[in-house]
Amino acid sequence: MGRYIARRTIQSFFVIAFVVILVFMLARLTGDPTDLYLPEFATEATRQSFREAHGLDKPVLIQLSNYLADAARFDFGVSLWHHRPAMTVVLERLPMTLKLATATIIVAMTLAFILGSISALRPLSTVDRATTFISLIGVTVADFWLALILIMVFAVRLDWFPPSVTGALAYLVLPLITL
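The rules behind these values
- Residues numbered from 1 in each chain as written.
- Predicted model: local features only at pLDDT ≥ 70, side-chain atom pairs only at ≥ 80, totals over all residues.
- Heavy atoms only, no water.
- Patch = residues over 30% accessible without salt bridge, like charges linked within 9 Å, V, L, I, M, F, W, Y side chains within 5 Å.
- Areas by Shrake-Rupley, 256 points an atom, 1.4 Å probe, with all protein chains shown as cover.
- Salt bridge = Lys/Arg side-chain N within 4 Å of Asp/Glu carboxyl O.
- Helix = DSSP H or I, 4+ residues; strand = E, 2+ residues; numbered from the N terminus.
- Axes fitted to C-alpha atoms, helices over the stretch in contact; angles between N-to-C directions.
- Parallel < 35°, antiparallel > 145°, perpendicular 65-115°, else oblique.
- Left-handed = near helix turned anticlockwise from the far one by under 90°.
- Contact = heavy atoms within 4.5 Å.
- Buried < 20%, exposed > 50% of the residue type's maximum accessible area, 1.4 Å probe, protein only.
- 1 Å grid on protein atoms, 1.4 Å probe; cavity = no way out; pocket = protein on both sides within 12 Å on 5 of 7 lines; lining within 4 Å.
- Points joined across faces, edges and corners; volume = space filled by probe spheres on them.
- Nonpolar A, V, L, I, M, F, W, Y, C, P; charged D, E, K, R; others polar.
- Phe/Tyr/Trp six-rings, centres within 6.5 Å; stacked < 30°, edge-to-face > 60°.

Student: Which residues make up a nonpolar patch on the surface, and what are the values?
Tutor: A grouping of Phe-144, Trp-145, Leu-148, Ile-149, Met-152, Val-153, Val-156, Leu-158 and Trp-160 is seen on the molecular surface, where their side chains present a nonpolar patch of about 950 Å² in accessible area. Looking at where Ile-149 falls in the secondary structure, it is placed in helix H7 (residues 143-157).

Student: Mind laying out the packing of helix H1 (residues 2-29) against helix H4 (residues 60-72), listing which residues take part and the relevant values?
Tutor: Between H1 and H4, the least distance of the axes is 11 Å, while the angle of their chain directions is 140°. When the axis of H1 is compared with that of H4, the two are oblique. The handedness of the crossing between H1 and H4 is right-handed. For the pair formed by H1 and H4, the contact residues are Val-20, Ile-21, Phe-24, Met-25 and Arg-28 on the first element and Val-60, Gln-63, Leu-64, Tyr-67 and Leu-68 on the second.

Student: Go over the side chain of Ser-79 with me, naming the residues and quoting the values.
Tutor: Secondary-structure assignment places Ser-79 in the loop between H4 and helix H5 (86-121). We classify Ser-79 as buried; its relative accessible area is 14%. Look past the residues within four positions of Ser-79 in its chain and what remains in contact with it is Arg-84, Pro-85, Ala-86 and Val-89.

Student: Account for the environment of Val-60, naming residues and giving values.
Tutor: Along the polypeptide, Val-60 turns up in helix H4. When the C-alpha positions of Val-60 and Thr-30 are compared, they lie 13 Å apart, and in sequence the two are 30 residues distant. Leave out the neighbours within four places in its chain, and Val-60 touches Phe-24, Met-25 and Arg-28.

Student: Could you give an account of the layout of surface pockets, with specific residues and numbers?
Tutor: There is about 900 Å³ of room inside the largest pocket. Lining the largest pocket are 27 residues, with Arg-28, His-54, Leu-56, Tyr-67 and Phe-76 sitting closest to its centre. Going through the elements one at a time, H1, helix H2 (33-37), helix H3 (44-53) and H4 are the ones with two or more residues in the lining of the largest pocket. Sorting elements by how many residues they give to the lining of the largest pocket places H1 first, with 5 residues. Of the residues that constitute the lining of the largest pocket, the class distribution is 15 nonpolar, 8 polar and 4 charged.

Student: Tell me about the packing of aromatic side chains, residues and numbers included.
Tutor: Going through the model one piece at a time under the given rule, you end up with 4 aromatic pairs. Aromatic side chains Phe-154 and Trp-160 sit 5.5 Å apart centroid to centroid with 45° between the ring planes, which places their arrangement in the tilted category. Judged by relative accessible area, which is 56%, Trp-160 ranks as exposed.

As far as function goes, none of this settles anything; it's purely spatial.
Quick look at the structure:
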C-alpha cells in the first residue's frame, strides 16, 4: 500500500508540473500580456517598462523557469488587478469559495440521489428521460455561461435573488441553481 501511495504521489507531481507548464505556454500563445493589461493608447516606453517590471522582456523559457522556481516557493507574484500578493488575494476568497463549494456539493448530491432513485425505479419513464436529458444538458453546457444566464434571469430580470455579494442563505441560492 505504501508503494502505491508513493507511486501515485510521484505521478501526481508530474501531472501537476505538466499542467502548470501547459497552462503557462498556452497563456503565452494568446499574445503579448502587455496588450491585455495596458490601454491601447499606452506609449511604447510604458509598454517596455511594464514588460521589464514583469519579466516579459526575457525569453519564454527563462520566464517559465522563473515562474516554476517562484511557484516551488509558493510565491505567485503580485496580482496585476489588485496590486497585492496573489496568494493573499486567493486566501481572502478561500472561505467563501469553500462555503459555496460545500453548499453546491450538498445540493448536487441530494438532487442526484433523489432523481437517480426515481429514475432507477421507473426506467425509460418520462421522469427518467427528463432527468437524463437535463443531466446531459448540465454536463455539456459551460458552467460559467449557464451561471451568467441564470444570474441574468433570476437576479436581474426577475429580481428574486441578489446578483452578487455575500451574506445570508439567499446569497447562496442563485449560485446553487447553476449546478
